[in-house]
Amino acid sequence: AQSVTQPDIHITVSEGASLELRCNYSYGATPYLFWYVQSPGQGLQLLLKYFSGDTLVQGIKGFEAEFKRSQSSFNLRKPSVHWSDAAEYFCAVGHYVGNMLTFGGGTRLMVKP
Amino acid sequence: EPEVTQTPSHQVTQMGQEVILRCVPISNHLYFYWYRQILGQKVEFLVSFYNNEISEKSEIFDDQFSVERPDGSNFTLKIRSTKLEDSAMYFCASSEDRGNTIYFGEGSWLTVV
């Protein structure tokens, strides 16, 4: 069965600092991978996705993620964090046959001024 | 940009009552979904719907749940007899096809008292 692990439940970074959120997945075939962001009381907004091709994908709001098959990882990065990036971030793996997503537990990002 | 819309944004209901959550998926999308997120827990898949029938459902989606597409635009989730543990944020989502990006609505908060 597919699964997603986000090892960091909470992360605090200073505004302007770089950010990396970890995501590890378990999936039997080539995965479809996603990062979503959820601001307090809001829905899930898609940041970026990996289906195939270039393993470094660019997303909205200056985020990028790199798919590393050998490490079963899809870490999210941003070179310089803004206060507005404070939110919860979810990594998810897609299941083509059933087209459903399995989510990780989320990482809550706090940004210090 | 097209978006998935959900109503109501919040609902409080008494245990044992029936609840209907409504969604308008993105207009050219063919696959529709419901997910839920119990406070502090992972986002969980409930059901996917295609061509007017359920294509996949999780163990959570038991007999008290049902989905329907009553007309050309709405997609509903009915909970027949609500329990306290049904309190959660319910997300509707849609995708153009299998294997495509899944877009989420802003969610409907359901509180069962």
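Further up the page is the structure itself.
All values derive from a computational prediction rather than experimental measurement. (Residues numbered from 1 in each chain as written. Chains lettered and ligands numbered in written order. Predicted model: local features only at pLDDT ≥ 70, side-chain atom pairs only at ≥ 80, totals over all residues. Heavy atoms only, no water.)

Trainee: Hey, could you run me through the nonpolar core in this one?
Mentor: Most often, soluble globular proteins keep nonpolar side chains buried together rather than apart. Core analysis: the biggest nonpolar cluster contains 26 residues, and Leu19, Trp35, Leu47, Leu48, Phe74, Leu76 and Tyr89 of chain A have the highest contact counts within it. Among the secondary structure elements, those contributing two or more residues to this core are strand 2 (10–14), strand 3 (19–21), strand 5 (32–38), strand 6 (45–50), strand 8 (64–68), strand 9 (73–78), strand 10 (87–95) and strand 12 (107–112) of chain A. It is strand 10 of chain A that provides the largest number of residues to this core, a total of four residues. If we ignore the near neighbours within four places in the chain, the residues touching Leu19 of chain A are Ile11, Val13, Phe63, Leu76, Arg77, Lys78, Val81 and Leu109 of chain A. In terms of nonpolar packing, the next biggest core, distinct from the first, is built from 22 residues, Leu21, Cys23, Ile38 and Cys92 of chain B among them. (Core = buried A, V, L, I, M, F, W, Y, C linked by side-chain atoms within 4.5 Å. Buried < 20%, exposed > 50% of the residue type's maximum accessible area, 1.4 Å probe, protein only. Helix = DSSP H or I, 4+ residues; strand = E, 2+ residues; numbered from the N terminus. Contact = heavy atoms within 4.5 Å.)

Trainee: Explain the pattern of salt bridges to me, please; I cannot follow it from the model alone.
Mentor: A side chain with one charge may pair with a side chain of the opposite charge, provided their charged atoms come close. Residue and element names in this part refer to chain A. Applying the stated rule across the entire model yields six salt bridges over all chains. Two residues, Arg77 and Glu64, come together in a salt bridge whose shortest N-O distance is 3.2 Å. Residue Arg77 is located in strand 9, and its partner Glu64 is located in strand 8; the two are separated by 13 residues in the primary sequence. Residue class for Arg77 comes out partly exposed when judged on its relative accessible area of 23%. (Salt bridge = Lys/Arg side-chain N within 4 Å of Asp/Glu carboxyl O.)

Trainee: Whenever I open this one, unusual backbone geometry confuses me. Can you help?
Mentor: Note: most peptide bonds trans; most residues except glycine with negative phi. In this chain, Thr7 of chain B is followed by Pro8 of chain B through a cis amide linkage whose omega measures -5°. Along the chain, Pro8 of chain B turns up in the loop between strand 1 (5–7) and strand 2 (10–13). Even without glycine at this site, Lys61 of chain A takes up a positive phi of about 60°. With respect to the secondary-structure elements, Lys61 of chain A resides in the loop between strand 7 (56–58) and strand 8.

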